[in-house]
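Here are the chains, one letter per residue:
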Amino acid sequence: MAAGFNPAVGSLVWIEDPDEAWLDGEVVQIKGEEIKVLCTSGKTVVVKASNVYAKDAEAPPCGVDDMTRLAYLHEPGVLANLRSRYDINEIYTYTGNILIAVNPFRKLPHLYDNHMMAQYKGAAFGELSPHPFAVADAAYRLMINEGISQSILVSGESGAGKTESTKLLMRYLAYMGGRAVSEGRTVEQQVLESNPVLEAFGNAKTVRNNNSSRFGKFVEIQFDQTGRISGAAIRTYLLERSRVCQVSDPERNYHCFYMLCAAPPEDIQKYKMGNPRTFHYLNQSNCYELDGIDDAKEYIETRRAMDIVGISSDEQDGIFRVVAAILHLGNIEFAKGKETDSSTPKDEKSWFHLRTAAELFMCDVKALEDSLCKRIIVTRDETITKWLDPDSAALSRDALAKIVYSRLFDWLVDKINSSIGQDPNSKYLIGVLDIYGFESFKTNSFEQFCINLTNEKLQQHFNQHVFKMEQEEYTKEEIDWSYIEFVDNKDVLELIEKKPGGIIALLDEACMFPRSTHETFAQKLYQTFKNHQRFSKPKLARSDFTICHYAGDVTYQTELFLDKNKDYVVAEHQALLSASKCSFVAGLFPPSAEDSSKSSKFSSIGSRFKQQLQSLLETLSSTEPHYIRCVKPNNLLKPSIFENKNVLQQLRCGGVMEAIRISCAGYPTRKPFDEFVDRFSLLAPEILSGSADEVAACKNLLERIGLEGYQIGKTKVFLRAGQMADLDARRSEVLGRSASIIQRKIRSYLARRSFVYLRRSAMKIQAVCRGQLARHIYEGMRREASSLMIQRNWRMYAARKAYKELYFSALSIQTGIRGMAARNEIRFRRQTKAAIIIQSQCRQYLARLHYKRLKKAAIITQCAWRGRVARKELRNLKLAARETGALQAAKNKLEKQVEELTWRLQLEKRMRADLEESKSQENEKLQSSLREMQTQFKETKAMLEKEREEAKRAAEKVPIIQEVPVIDNAMLEKLNSENENLKALVTSLEKKIDETEKKYEEANKISEERLKQALDAESKIIQLKTAMQRLEEKFSDIETENQILRQQSLLKTPVKNSSVLPPIPATPATPVLGNGHHVTEDNKANDPQSTTPVKKFGTESDSRLRRSLIDRQHENVDALIGCVVKNLGFSSGKPIAAFTIYKCLLHWKSFEAERTSVFDRLIQMIGSEIENQDSNEHMAYWLSNTSALLFLLQRSMKGAGASGATPQRKIPPATSLFGRMTMGFRSSPSSANLPAPSEVVRQVEAKYPALLFKQQLTAYVEKIYGIIRDNLKKELSSLLSLCIQAPRTSKAVLRSGRSFGKDSPTNHWQSIIESLNTLLSTLKQNFVPPILVQKIYTQTFSYINVQLFNSLLLRRECCTFSNGEYVKSGLAELELWCCQAKDEYAGSSWDELKHIRQAVGFLVIHQKYRISYDEITNDLCPILSVQQLYRICTLYWDDNYNTRSVAPDVISSMRILMTEDSNNAVSNSFLLDDNSSIPFSVEDLSTTLHEKDFSDVQPAEELVEQPAFQFLHE
């Protein structure tokens, strides 16, 4: 590509650098073939023009998903693209259909959760961001659609992440297959559980990786015809057997040896283990421990993994016996024996290890020694025993160790496969190959030779596949590709494996000759391949050779080639171990017919390796391959470090550069027509005005430019190598000329703007100076006017102040004089008023004193006269008493008095009740009279004291000269007697008051007792009345039952006997049983109310009655179900079917039945009706009915006191059969003249069937809700995939104003609005409760938010400025719909779009580089996580204005926060999950439904016409 690139000054180029591999810079000077480049690192380099590669100036800063879309497909472009993506944690990149995975050396759990797998399920390859899930999905889809088995080849060097990629592939395949096997573990889980076992016995530390797989693993996931996983198998290839005996420093042997050395003490003692430094097979290297790895813990984990896989404890014991025996074998050293060329264990230490190995193998010690030191040669005539020299014995020992370890590893693989379970009848399989990558170290031995041979074979397979893909691409685009040459490495493969004459054949030949050495082998190679272009001999090397591989030259050291290649299959070893007493060891070496000859057979590891490799390639050739190339970014195994040279070498070793070379051999640059016109239309702008479409525009453009060798496909323009650089150079010239014109115009504009600015400034300065002068003059005039005004105001103030002082002084004097006159006047008036009051009081006192004196005199006179009259009467009575007639009169008088007293006693008894009522009034009267007497007593006492004082004063006023005082003794005696009488009266009154109070208390007690007695009597009366009413009701029930039975018997008797029976009033045969309630003998025996009528009328008539009632009830249920399965419509906005069902259940007492079948019938009916899940109208009708019925059930099954009505005495419900019948008859309007109840919902005590029916009905409401919601989601899902990306329109089209004859794209957002409106109209027509409508649309909008937001984060082409504007316009339409639908139905739907709204709002912001991280997180996108913001910021690119994303420091801040939270799987997940739960409860229905809403609902007319359903009229 460099040959066709002609750089100009200012061109951006790539140049090679020995330290950084490639550096970018700008051409600053060109001198012939030499170019001077200023690198971005700051240094200046002079290079040849042929060594310069073009750099794409318009490449996005975060790279491209598919590197075939690069404008320049070469090494520096690929490397820069991988690095830019790695810097933003985009570790996966496509190269065509090849996935390149760069190991991040950190946890990225958000890339591998179940939601991510759901996103890639069914997505077209390349539609979403690169991912192993996409490769696995493509393989699975091809297998299902084409019926061809698939294979996924995962390659890379140690530490590149091959094993992790393999695990991800198996996870996704298990996710797609979806079948679980026994023990609750999926196939993928079982395969992963086997990994610790295989890693313990097949992984080892190498130079570049502490856990390198030293074998190839091909995992077969087997599928049946339906695409379900039916089994799995693990195939292992190319185990590095030589590592068991020979280890290079600083590598380690297989992990299991070190684990056993660190086992618990009892196991160490059991297997006689020790420090790994004491074993020859381990101490060849100085590395015994790994950083961060505890071999003791690993041993326990391996044991646990063996338990999980299904390896028993006895088998585990046998496994570690073999591992320990191998280590002890390695410590057996040999010395020369007594006989010639013989050998024997060297010393006591060797004998100890020999005996220990024999003990662990459970074989004979002598037999083990003979198998190591002797060989038996069987001839036709005799059997010859041959001794081996010490060197041959050591080789025999190593051969035994290698074959035992190889058989052990194969046994483990077979055991794991049997545990997982294989399907011999599987139709297809997807194989995942995890194999070591190309290796090139400072010292490369036989292991690297075999590994690189494997990679050469796989590279040949890879090249053929890439070339095939190129052919398919060219054929698809219908372009000519016949002259493209295919790059092949067949010559290298023939060099290595040609038979005879290849390196492996020569190595086997050298191993068969005992006297061959590595030097003779090397000389043989030099002579044989001295003219081969891929083979060379390094300078100053005696036994090394170099092979030119596809990934580069590798020099191999042959010192250990012969020893590592020898792999004798010794018959003595086979016989020894097959005869072992340990069943496990004997099972590793089953006897075979081939080994009966007792002869040693030579077998080389190289030949076996080649055979296994051929078998692997045959398996791969029978499948459709997919490739994942794993790359290790640095050798430090740390994150955020990208070493260019290291990555570039791995890309070469992985064949990526080889694939690029194949692409470059054809048409490496492929541009869609619209992108090509966008980029190069400025070379010939006139083509846009005359072209009818983009294809013609591209052809005209290329013809005008004069480019040759290109091809026009069906959708793309294909350019040869170098042509893109030529077009960019011409484009740069046009842009340069345009830049000159723009600069000239800008400079002219700037000069004129400067002149205008200066002129405007001068004018402003003049205006400012003139203004300043005018302001100065004006200031003087204003100061003069101000001084005059100040003088005037000061004079006015002084005059006003003097006037006000005089004025206030006069006012003060007048106020004082007037106040003094007023005070004198009021003082005089007060004195006059006081004198008048004193006079009036004095006169009043004198008048009262005169009156009292007169009153006392009158009283004294009256008392004296009355005493006189009484004494006279007394004398007369004494005289009369002496007469006899007086006695009889007295007797009569006494009798009258007795009669009067008797009458009074009776009257007293009659008046006790009145006395109790008036006791409070009497008490008050007594108290008032007491208060009056006390007042009188006090007044009398005061008067007496006053009289005494007056008497004393009068006595003092009498002149002393009077010798004879005039004292009225009679008056004094009277007064004293009156005083005594008054005191006696007061005492008697006090006694009466005390007696009255005692009587009052006694009366209170008596009244309380009588009140209690009255209350008790009243309660007894109420109880008696209640009992009497119950007896009356029971009697009426019995009479009603008798009437029913008599009526039934009348119906059954012949007509001729009807005249004999008394007439019975007709009663309609209304069903009164609980619907479907079957009365059994047990129920009758337990019902005391039903036993009497049953016994009365006999068992035969009762059974006939029961059968007739049950049959009639079944007919009623059938009639109900047959009616409600029809679309009965709605009445007053409520479903008729639900209301009819509820009324029937309520009337039939089904809620109170212990056993009933009506609920099961209803549930079956609803289940059969909703089987057609595609019709939203049908589903909405049943959602309305089931939700309304559920609401009525919820209200009916509440507690008795929940209604809040006035508490009334309730008659206990009848629990018997006839009791419910009578209640049913009693509730019908035809059997009683009671008014119909006005309540729609009636509280009932629900039994278990009713409660179960409510639960089942709730489940159906939730199911129907979910069906409608999922139908809407399914309808929107296809539209959302079109709404996330704006229809692509070429920039050139925009500039030209032409549409290239294409129709404008349909408005997908309008289709979404129509779908929402259609469903809303359906739900409204079926009167679905608004709360359910709200929840449906809320979850739907949440689904829209999840789908749009996740697509935005997964597809880079969606994260653009124009796409943000397109989605924002669509969201505006959704907002308008929410406003039109109103909160009643839309609810909080608009709030569910918060993620996509904030993300789109961020996309359409200009000048993002000026926004800080705090502004983004606090103001613009507060709800988005750091991972989501980081993803949007790194994926963003502006396809309209080429604006930049956020500043690098913002990106750095986000990356730091992400690193801190890398261990938190929840915080790292940037994708949203769709919530499919049921977001409402039964109680939520009560918020939108009310009992009164059902008061005007009319029942089904079809049922109302039937006599059995007359109760629906209520």
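Note that this is a predicted model, so its numbers are computed, not measured. (Residues numbered from 1 in each chain as written. Predicted model: local features only at pLDDT ≥ 70, side-chain atom pairs only at ≥ 80, totals over all residues. Heavy atoms only, no water.)

Taken as a whole and judged by the stated rule, the model has 40 aromatic pairs. When the centroid spacing of 4.8 Å and the interplanar angle of 80° are considered together, the rings of Trp411 and Phe584 count as edge-to-face. Taken together, the positions of Trp411 in helix H13 (residues 390-420) and Phe584 in helix H20 (residues 583-588) put the pair 173 residues apart, joining distant regions of the chain. Note on accessibility: Trp411 and Phe584 belong to one class, buried. Here the aromatic residues Phe446, Phe449, Phe521, Phe529, Phe535, Phe545, Tyr556 and Phe561 are joined through ring pairs into a cluster of three or more. Taking NZ or CZ as reference, Arg252 lies 3.9 Å from the ring centre of Tyr258, over its face. Geometry around Phe462 places Arg629 over its ring, the cationic atom sitting 4.5 Å from the centre. (Phe/Tyr/Trp six-rings, centres within 6.5 Å; stacked < 30°, edge-to-face > 60°. Helix = DSSP H or I, 4+ residues; strand = E, 2+ residues; numbered from the N terminus. Buried < 20%, exposed > 50% of the residue type's maximum accessible area, 1.4 Å probe, protein only. Lys NZ or Arg CZ within 6 Å of the ring centre and 35° of its normal.)

Here we take up the pattern of salt bridges. This structure, assessed with the given rule, holds 39 salt bridges. The partner of Glu90 in a salt bridge is Arg85, and the shortest N-O contact between them spans 3.4 Å. The buried category is assigned to Glu90, whose relative accessible area is 7%. Arg85 sits in the buried class, given a relative accessible area of 1%. A salt bridge links Glu825 to Arg829; its shortest N-O distance comes to 3.1 Å. On the criterion of helical spacing, the pair formed by Glu825 and Arg829 is a turn pair, its members being four residues apart in helix H27 (residues 723-881). (Salt bridge = Lys/Arg side-chain N within 4 Å of Asp/Glu carboxyl O.)

All right, on to the nonpolar core then. In terms of nonpolar packing, the biggest core is built from 261 residues, with Phe201, Phe257, Phe1151, Tyr1337, Leu1374 and Trp1377 touching the most fellow members. The residues touching Tyr1337, leaving out its near neighbours within four places in the chain, are Leu1272, Leu1316, Leu1319, Leu1320, Leu1323, Trp1377, Tyr1385 and Ser1389. Within the second largest apolar cluster, 52 residues are counted, among which are Leu238, Phe438, Cys450 and Phe545. (Core = buried A, V, L, I, M, F, W, Y, C linked by side-chain atoms within 4.5 Å. Contact = heavy atoms within 4.5 Å.)

Averaged over all residues, the pLDDT of the protein is 81; the fraction at 70 or higher stands at 85%. Throughout residues 958-967 the model reports pLDDT below 50, and contacts reaching past four residues in sequence, or to other chains, amount to one contact. Of the regions scoring below 50 in pLDDT, residues 1050-1098 engages in 86 contacts with residues more than four places distant in sequence or in other chains. (pLDDT = per-residue confidence, 0-100.)

Below, the discussion takes up a positive patch on the surface. Together, Arg752, Arg759, Arg760 and Lys764 line one region of the surface with positive charge. Considering the arrangement of structural elements, one finds Arg752 in helix H27. The exposed category is assigned to Arg752, whose relative accessible area is 59%. (Patch = residues over 30% accessible without salt bridge, like charges linked within 9 Å, V, L, I, M, F, W, Y side chains within 5 Å. Areas by Shrake-Rupley, 256 points an atom, 1.4 Å probe, with all protein chains shown as cover. Lys, Arg positive; Asp, Glu negative; His and termini not counted. Charge placed at Lys NZ, Arg CZ, Asp CG, Glu CD.)

Below, the discussion takes up the sheet that holds strand E2 (residues 21-31). Sheet architecture is open: five strands sit in the order E4-E3-E2-E1-E5, paired in antiparallel fashion. This sheet does not close on itself; its edge strands, each paired only once, are strand E4 (44-48) and strand E5 (53-54). Judged from the six bridges that link them, strand E1 (residues 12-17) and E2 form a sheet pairing that is antiparallel. The partner of Glu16 across the bridge, within E2, is Trp22. Contacting E1, E2 and E5, helix H1 (residues 75-87) crosses the sheet at an angle of about 130° to E2. (Pairing = 2+ DSSP bridges. Axes fitted to C-alpha atoms, helices over the stretch in contact; angles between N-to-C directions.)

Glancing now at unusual backbone geometry. Asp249 connects to Pro250 through a cis peptide bond whose omega is 10°. With omega at -5°, the peptide bond leading from Lys499 into Pro500 counts as cis. Relative to the elements of secondary structure, Pro500 occurs in the loop between helix H15 (490-497) and helix H16 (503-512). Positioned with a positive phi, Asn89 is a non-glycine residue whose angle comes to about 65°. Summarising the element assignment, Asn89 is placed in the loop between H1 and strand E6 (92-95). Assessed through its relative accessible area of 15%, Asn89 is described here as buried. With a phi angle near 60°, Lys1149 is a residue other than glycine that sits in the positive phi range.

In this section: the environment of Lys1263. Mapped onto the fold, Lys1263 is located in helix H39 (residues 1248-1283). The exposure class assigned to Lys1263 is partly exposed, which follows from its relative accessible area of 43%. For the pair Lys1263 and Leu1183, spaced 80 residues apart in sequence, the C-alpha to C-alpha distance is 9.2 Å. Non-local contacts of Lys1263, meaning those with residues more than four positions away in its chain, are made with Ile1170 and Gln1173.

In this section: the sheet that holds strand E24 (residues 716-719). In space, the three strands of this open sheet follow the order E22-E24-E23, with antiparallel pairing throughout. Strands at the two margins of the open sheet, each flanked by one partner only, are strand E22 (669-672) and strand E23 (711-712). With two bridges connecting them, E23 and E24 associate as antiparallel partners. When the sheet's bridge partners are listed, Gln711 is paired in E24 with Phe718. Along the sheet, helix H24 (residues 673-680) contacts E22, E23 and E24; its crossing angle with E22, the most-contacted strand, is approximately 95°.

Spacing of three or four residues puts side chains on the same side of an α-helix, whose turn is 3.6 residues. Those residues of helix H45 (residues 1413-1420) that fall on the buried side of the exposure criterion are Tyr1413, Ile1416 and Thr1417. Buried residues of H45, seen end-on, are gathered within an arc of 85° and therefore sit on one face of the element. For H45, exposure combined with an orientation more than 90 degrees from the buried face picks out Asn1418 and Asp1419. The elements touched by buried residues of H45 are helix H44 (1394-1403), helix H46 (1426-1435) and helix H47 (1448-1460). (Arc of directions from axis to C-beta.)

In terms of burial, strand E7 (residues 98-102) is a largely internal element, five of the five residues being buried. The two faces of E7 match: Ile98, Ile100 and Val102 on one face and Leu99 and Ala101 on the other face are all buried. Two elements, E6 and E7, share four bridges in a ladder whose sense is antiparallel. From the neighbouring strand, Tyr94 faces E7, where its bridge partner is Leu99. In this antiparallel pair of consecutive strands, E6 and E7, the connection spans two residues, and Gly96 shows a positive phi of 70°. Sheet analysis places E7 next to strand E21 (residues 624-631), joined by five bridges and oriented parallel. Note that in E21 the partner of Leu99 across the bridge is Ile628.

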